[in-house]
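# A look at the structure
For reference, the chains in residue letters:
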Amino acid sequence: IRILNDIKYIEFISEYLHDNMRNHFQKTLPNVVLGNLYGTTETGCIALECPHGNQHILNNTLVETFNDNYTDITSDEGNIVLTSLCNSAMPLIRYCIGDKGRIIEQSDCTCGFNGASIILTLGREFDIIELPNGEKRHSSVFWQIIEEVSDEYPESITQFYVIQDGISSITVHLFLTDRY
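Described below are features of the structure shown in this document. (Residues numbered from 1 in each chain as written. Predicted model: local features only at pLDDT ≥ 70, side-chain atom pairs only at ≥ 80, totals over all residues. Heavy atoms only, no water.)

### Looking at a nonpolar patch on the surface
- A contiguous nonpolar patch, built from Ile145, Val149, Tyr153, Ile170, Val172, Leu174, Leu176 and Tyr180 and spanning about 670 Å² of accessible area, is present on the exposed surface.
- Among the secondary structure elements, those contributing two or more residues to the nonpolar patch are α3 (140–152) and β12 (169–176).
- With respect to the element layout, valine 149 can be found in helix α3.
- Judged by its relative accessible area of 34%, valine 149 falls in the partly exposed class. (Patch = residues over 30% accessible without salt bridge, like charges linked within 9 Å, V, L, I, M, F, W, Y side chains within 5 Å. Areas by Shrake-Rupley, 256 points an atom, 1.4 Å probe, with all protein chains shown as cover. Salt bridge = Lys/Arg side-chain N within 4 Å of Asp/Glu carboxyl O. Helix = DSSP H or I, 4+ residues; strand = E, 2+ residues; numbered from the N terminus. Buried < 20%, exposed > 50% of the residue type's maximum accessible area, 1.4 Å probe, protein only.)

### Concerning the state of the cysteines
- All told, the structure shown has 0 disulfides when counted by the stated rule.
- Note on cysteine 86: no disulfide assigned, nearest cysteine sulfur contributed by cysteine 45 at a separation of 11 Å.
- Cysteine 109 takes part in no disulfide bond, and the closest cysteine sulfur to it belongs to cysteine 111, at a distance of 3.6 Å.
- Taking relative accessible area as the criterion, cysteine 109 reaches 9% and is therefore assigned buried. (Disulfide = S-S within 2.5 Å.)

### Some details on the nonpolar core
- If you look at the biggest cluster of nonpolar residues, it comprises 12 residues: Tyr38, Ile46, Ala47, Ile57, Val63, Ile80, Leu82, Ile97, Ile103, Ala116, Ile118 and Leu120.
- Sorting the residues of this core by element identifies β3 (44–49), β6 (78–84), β7 (92–104) and β8 (117–122) as the ones contributing at least two each.
- By size, the runner-up hydrophobic cluster in this structure holds 5 residues, among which are Phe12, Leu17, Leu29 and Val32. (Core = buried A, V, L, I, M, F, W, Y, C linked by side-chain atoms within 4.5 Å.)

### Examining the environment of isoleucine 97
- Residue placement: isoleucine 97 occurs in strand β7.
- Given a relative accessible area of 5%, isoleucine 97 falls into the buried group.
- Sequence separation of isoleucine 97 and valine 81 is 16 residues, and the distance between their C-alpha atoms is 6.4 Å.

### Thoughts on unusual backbone geometry
- A positive phi angle, close to 60°, is found at tyrosine 70, a residue other than glycine.
- Relative to the helices and strands, tyrosine 70 resides in the loop between β5 (62–66) and β6.
- A relative accessible area of 29% places tyrosine 70 in the partly exposed class.
- Its identity as a non-glycine residue notwithstanding, glutamate 155 has a phi of 60°, on the positive side.
- With respect to the helices and strands, the residue glutamate 155 is situated in the loop between α3 and β11 (157–166).
- What makes glutamate 155 partly exposed here is its relative accessible area of 44%.

### Brief notes about the environment of phenylalanine 12
- Checked against the element boundaries, phenylalanine 12 lands in strand β1 (residues 9–12).
- By relative accessible area, phenylalanine 12 is classed as buried at 12%.
- Separated by 18 residues in sequence, phenylalanine 12 and proline 30 place their C-alpha atoms 16 Å apart.
- In contact with phenylalanine 12, not counting residues within four places along its chain, are Leu17, Phe25, Leu34, Gly35, Asn36 and Leu37. (Contact = heavy atoms within 4.5 Å.)

Geometric descriptors of this kind do not, in isolation, establish any biological role.
Next comes the structure, spelled out in structure tokens:
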């Protein structure tokens with residue numbers, strides 16, 4: 001516990017940082033500054049969260065959003081596409097990563113950053129659940145359910161994972177705190 005009191009900053013990487021998870025860590029460690037790094041294995045860091053909550057896009061990767069057919073660039077929410085020339089052996093040109101989001105052109109943020117930011121709206125499109133009627137849903141629907149349960153029963157769920165065993169079978173594993 002003494003070590004936890006010495007922590008000044010925690011940076012979340014890899015998965016999308018949902019509000020419920022951020023709130024849990026902020027309540028558990030109220031004196032720690034929390035940050036979020038948005039990136040991919042292929043390109044490294046794409047954007048960093050500033051103290052004001054903006055995900056500022058770094059200049060190592062060109063970030064664009066395309067419509068659903070990937071035919072036109074859009075200023076609305078769209079499919080995030082990356083171009084990175086950092087790896088000269090294998091540059092990535094308009095590489096589709098399966099995330100959705102919107103790019104906000106900013107002139108200046110109060111943190112001092114001058115440039116665009118990104119707002120993520122949906123994680124990897126490959127995390128799809130197929131329903132018996134053929135309809136497809138993004139697995140983030142489970143995050144929404146878990147967040148609603150956590151709002152109703154605070155600190156009840158510590159972890160969860162979902163497995164689609166078959167077209168008509170989904171198993172949800174919940175790890176609950178002792179009092180539940």
